[in-house]
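The lines below spell out each chain.
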Amino acid sequence: MKVDLKGKTAVITGASRGIGREIALTLAKNGANVAVCARNEELLKTLVNEAEGFGVEAFYHVVDVRKREQQEEFFELIKERFGRIDICIPNAGRAALAKPGEITQEDWELDIDTNLTGLFISSQLALNIMKPQKEESYIFPIISKAATKSFLLRPSYCASKAGALAFTRSLSLEAKESGITVTSILPASVATDFQKGNPAGMDWMLLPSDVADTVLWLLSLSSRAAVDEIVIQNRGR
Ligand SMILES: NC(=O)c1ccc[n+]([C@@H]2O[C@H](COP(=O)([O-])OP(=O)(O)OC[C@H]3O[C@@H](n4cnc5c(N)ncnc54)[C@H](OP(=O)(O)O)[C@@H]3O)[C@@H](O)[C@H]2O)c1
């Protein structure tokens with residue numbers, strides 16, 4: 001599928017690896033200028049070089065999404081560089097692996113601060129830049145099927161994703177008044193570093209490209225259509 005995103009600006013958090021990286025490259029391939037962030041500078045540099053290979057403008061900023069001031073700095077730089085945001089993909093995420101009775105306070109807070117508070121900050125900053133633009137724009141938070149289905153070893157992850165889904169539903173109510181479409185994307189298992197060590201292996205999982213293709217499809221819809229939530233299942237599971 002090809003979508004003409006020439007002249008559009010896309011922001012992707014947690015883009016150094018996995019799903020975020022694939023979405024950034026897919027949007028760049030379709031003509032969007034991309035602004036990407038994460039904590040690993042080397043990986044971000046490589047990504048920006050690859051994105052520029054598609055003839056678009058790209059830049060990175062090292063950001064820990066848990067830190068509001070770092071995200072604010074990133075969004076300020078995007079405004080200076082591109083003057084606008086058309087597409088925002090809050091995607092940065094992590095997951096602790098421990099039973100509810102055993103998870104440490106530290107791991108709990110890392111999941112909540114990254115997956116819920118980090119997503120809240122990115123979405124809020126994007127919304128407030130998009131609103132005065134008065135043009136069709138999009139926020140597609142990458143949440144997870146774990147927002148609606150709990151797993152024994154992922155208590156803080158499931159809680160953070162359920163919170164992210166609830167927040168995103170509120171966000172959508174405000175955003176739609178300004179022509180901004182908010183779609184929660186809930187993938188099932190995707191073969192990335194995130195799933196390394198999964199005792200069931202990774203052969204049966206979605207690929208990051210399946211999520212990136214979904215983002216592209218959402219962007220291909222007519223201006224009459226807005227999708228609230230989309231669950232991408234592992235076929236047959
Ligand atoms: N893989 C799955 O099965 C699956 C399924 C459903 C949903 N998801 C969601 O999809 C998103 C991407 O996951 P993935 O599978 O691509 O995982 P991944 O390969 O582990 O990538 C995670 C990305 O998030 C970034 N990140 C983590 N903590 C961050 C922080 N504090 N500040 C900034 N960036 C941070 C990482 O970059 P740095 O380490 O460089 O900061 C990396 O780029 C996550 O929200 C995840 O919950 C994944």
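Attention here is on the structure that accompanies the text. Since we're looking at a predicted model, the values are computed, not measured.

1. A closer look at the site of the ligand
Okay, so step 1: The ligand sits among 28 residues. The nearest are Gly14, Gly18, Arg39, Asn40 and Gly93.
Okay, so step 2: No other element matches the three residues that helix H1 (residues 18-29) contributes to the shell around the ligand.
Okay, so step 3: Classifying every residue of the shell around the ligand gives ten nonpolar, twelve polar and six charged.

2. A few points about the pairing of strand S1 (residues 9-13)
Okay, so step 1: Within S1, five of the five residues are buried, which leaves it mostly tucked inside the rest of the structure.
Okay, so step 2: Side chains Thr9, Val11 and Thr13 project from S1 onto one buried face, and the interleaved Ala10 and Ile12 project onto a second face that is buried too.
Okay, so step 3: By the bridge criterion, five bridges tie S1 to strand S2 (residues 33-38) in an arrangement that is parallel. Within S2, the position partnered with Val11 by the bridge is Ala35.
Okay, so step 4: Each parallel crossover has a hand, and the one from S1 via H1 to S2 is right-handed.
Okay, so step 5: Pairing analysis gives three bridges linking S1 to strand S4 (residues 87-89), with the strands arranged parallel. Bridged to Val11 within S4 is Cys88.

The rules behind these values
- Residues numbered from 1 in each chain as written.
- Predicted model: local features only at pLDDT ≥ 70, side-chain atom pairs only at ≥ 80, totals over all residues.
- Near = placed C-beta within 6 Å.
- Helix = DSSP H or I, 4+ residues; strand = E, 2+ residues; numbered from the N terminus.
- Nonpolar A, V, L, I, M, F, W, Y, C, P; charged D, E, K, R; others polar.
- Buried ≥ 20, exposed ≤ 12 C-beta atoms within 10 Å, placed from the backbone.
- Pairing = 2+ DSSP bridges.
- Right-handed = clockwise from strand over helix to strand, strands pointing away.

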